[in-house]
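Observations on chain architecture
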Amino acid sequence: MRHLLAATALVTCLVAGAAGANEGKLDYAHQEKWPSALDRAQSPIDIVTAAAVAADDNEPQGLQIWRSVSPIDKVEDNGHAVQVDTHSTEAMIRGRHFTLAQFHFHAASEHTIDGKHYPLEGHFVFKAQDGRLAVIGVMFAEGEANAAAQTVIDDLKPGADVAQKTIDIGQLLPKQRGYYHYLGSLTTPPLTENVEWYVLPAPVTMSKAQLDAFLARYPRNNRKLQPLNGRPVIRYGN
Ligand SMILES: [Zn+2]
């Protein structure tokens, strides 16, 4: 009960701050004028590694992924990103169960790590049964060719048939599963907040030709960095 009262007091206080004269009153006739909380916790952000705080010892810290070889439902260029819909891969993220809904790519990376962009960032969008979203962000750098990335590139070609094809999500994730976690938002409209982000700093490689294949479709589809506004960035693992 106490935290409910505190939350009510906070809302009242925020409204009062905006409304001035009507101190302490919630104006239910003009709810559209209530201050929105939807611009305070946006993504992406620059991850300042030295400022990240270590996770509490009593937090379940693992990022376990299984059934990583998953059937491809659809590979599409949806007008703002290359996206792969797939539905079998599951994850246990900080002790809660999620299922992968889709993944897509941004160029250059949306998140930066100590100010550094990577050529490409993959967003693996996981959904819990109650609708909660957890997105795993993976950085891609130039190096060895990536078989799973090639599957995506091949399936984008006109006439490609993805029926009965699978993709190994594990090939698109780094072996080191240390991550930075914070609460943010979708990075495309409607920019919904309260999205859990898990940004893996260990990059995965693609060949130059593979990176170029993604960049040929979207040389730039990354949202600009958003202010942290005091949110904690929590470090798990290495
Ligand atoms: Zn994204």
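Criteria and cut-off values
Residues numbered from 1 in each chain as written. Predicted model: local features only at pLDDT ≥ 70, side-chain atom pairs only at ≥ 80, totals over all residues. Heavy atoms only, no water. UniProt positions renumbered as here; feature names shortened; annotations may be inferred. Phe/Tyr/Trp six-rings, centres within 6.5 Å; stacked < 30°, edge-to-face > 60°. Buried < 20%, exposed > 50% of the residue type's maximum accessible area, 1.4 Å probe, protein only. Helix = DSSP H or I, 4+ residues; strand = E, 2+ residues; numbered from the N terminus. Lys NZ or Arg CZ within 6 Å of the ring centre and 35° of its normal. Pairing = 2+ DSSP bridges. Donors = N, O, S within 2.8 Å, 3.2 Å for Na, K, Ca; no water. Axes fitted to C-alpha atoms, helices over the stretch in contact; angles between N-to-C directions. Parallel < 35°, antiparallel > 145°, perpendicular 65-115°, else oblique. Left-handed = near helix turned anticlockwise from the far one by under 90°. Contact = heavy atoms within 4.5 Å. Nonpolar A, V, L, I, M, F, W, Y, C, P; charged D, E, K, R; others polar. Polar contact = N/O pair within 3.5 Å; in protein donor to acceptor, adjacent residues only side chain to side chain. Salt bridge = Lys/Arg side-chain N within 4 Å of Asp/Glu carboxyl O.

An unreviewed UniProt entry annotates the protein chain as Carbonic anhydrase originating from Tahibacter soli. For the protein chain, the Sequence similarities (unreviewed entry) comment in UniProt is given as "Belongs to the alpha-carbonic anhydrase family."

Notes on the packing of aromatic side chains
Counted by the stated rule, this structure contains six aromatic pairs. Taking 5.9 Å as the distance between ring centres and 85° as the angle between the ring planes, the aromatic pair formed by Phe 103 and Phe 105 counts as edge-to-face. Phe 105 sits in the buried class, given a relative accessible area of 3%. A ring pair is formed by Phe 105 and Phe 214, whose centres lie 4.6 Å apart and whose planes are at 45°; its orientation type is tilted. With a gap of 109 residues between them, Phe 105 in strand S7 (residues 96–106) and Phe 214 in helix H3 (residues 208–217) connect regions that are remote in the sequence. Take Phe 105 and Phe 214: they sit in the same class, and that class is buried. In this structure an aromatic cluster arises from ring pairing among Phe 103, Phe 105, Phe 124, Phe 140 and Phe 214. Directly above the ring of Tyr 118 sits Lys 116, whose terminal nitrogen or CZ lies 4.7 Å from the centroid.

Let's talk about the pairing of strand S6 (residues 90–93)
As judged from the four bridges shared by strand S3 (residues 63–66) and S6, these two strands associate in the antiparallel manner. In the strand pairing of S6, Ile 65 is matched with Ala 91. With four bridges connecting them, S6 and S7 associate as antiparallel partners. Bridge pairing in S7 places Ala 91 opposite Phe 98.

Describing the coordination of the zinc ion
With distances of 2.0 to 2.1 Å, the protein atoms coordinating the zinc ion are His 104 (NE2), His 106 (NE2) and His 123 (ND1). Between consecutive donors of the zinc ion, the numbers of intervening residues give the motif H-x1-H-x16-H. With His 106 in strand S7 and His 123 in strand S9 (residues 120–127), the pair connects residues that are 17 residues apart, well separated along the chain. Judged on exposure class, the residue His 106 and its partner His 123 are both buried.

Here we look at the packing of helix H2 (residues 147–156) against H3
Orientation of H2 relative to H3, taken along the N-to-C sense of each, is 40°, at an axis distance of 10 Å. Here H2 is positioned oblique relative to H3, judged by the angle of their axes. Judged by the sense of rotation from one axis to the other, the crossing of H2 with H3 is left-handed. Contact with H2, carried on its side by Ala 149, Gln 150, Val 152, Ile 153 and Leu 156, involves Gln 210, Ala 213, Phe 214 and Arg 217 of H3 and no other residues of that element. Split by residue class, the contact of H2 with H3 holds six nonpolar, two polar and one charged.

Focus: H2
For H2, the tally of buried residues reaches seven of 10 residues, placing the bulk of the element in the interior. Within H2, the full set of buried residues consists of Ala 148, Ala 149, Thr 151, Val 152, Ile 153, Asp 155 and Leu 156. Packing partners of the buried residues in H2 comprise strand S4 (69–77), strand S5 (82–86), S7, strand S11 (166–168), strand S13 (193–206) and H3. Backbone nitrogen of Ala 148 and a side-chain oxygen of the N-cap are separated by 3.0 Å at the start of H2; the cap is Asn 146.

A short note on the pattern of salt bridges
Counted under the stated rule, the structure contains eight salt bridges. Residues Asp 77 and Arg 217 are paired through a salt bridge, measuring 3.0 Å at the closest nitrogen-oxygen approach. Taken together, the positions of Asp 77 in strand S4 and Arg 217 in helix H3 put the pair 140 residues apart, joining distant regions of the chain. For Arg 96, the salt bridge is made with Glu 196, and the minimal N-O distance between the two is 2.8 Å. Separated by 100 residues along the polypeptide, Arg 96 in strand S7 and Glu 196 in strand S13 bring together distant segments of the chain. Relative accessible area serves as the criterion here: at 29%, Arg 96 is assigned to the partly exposed category.

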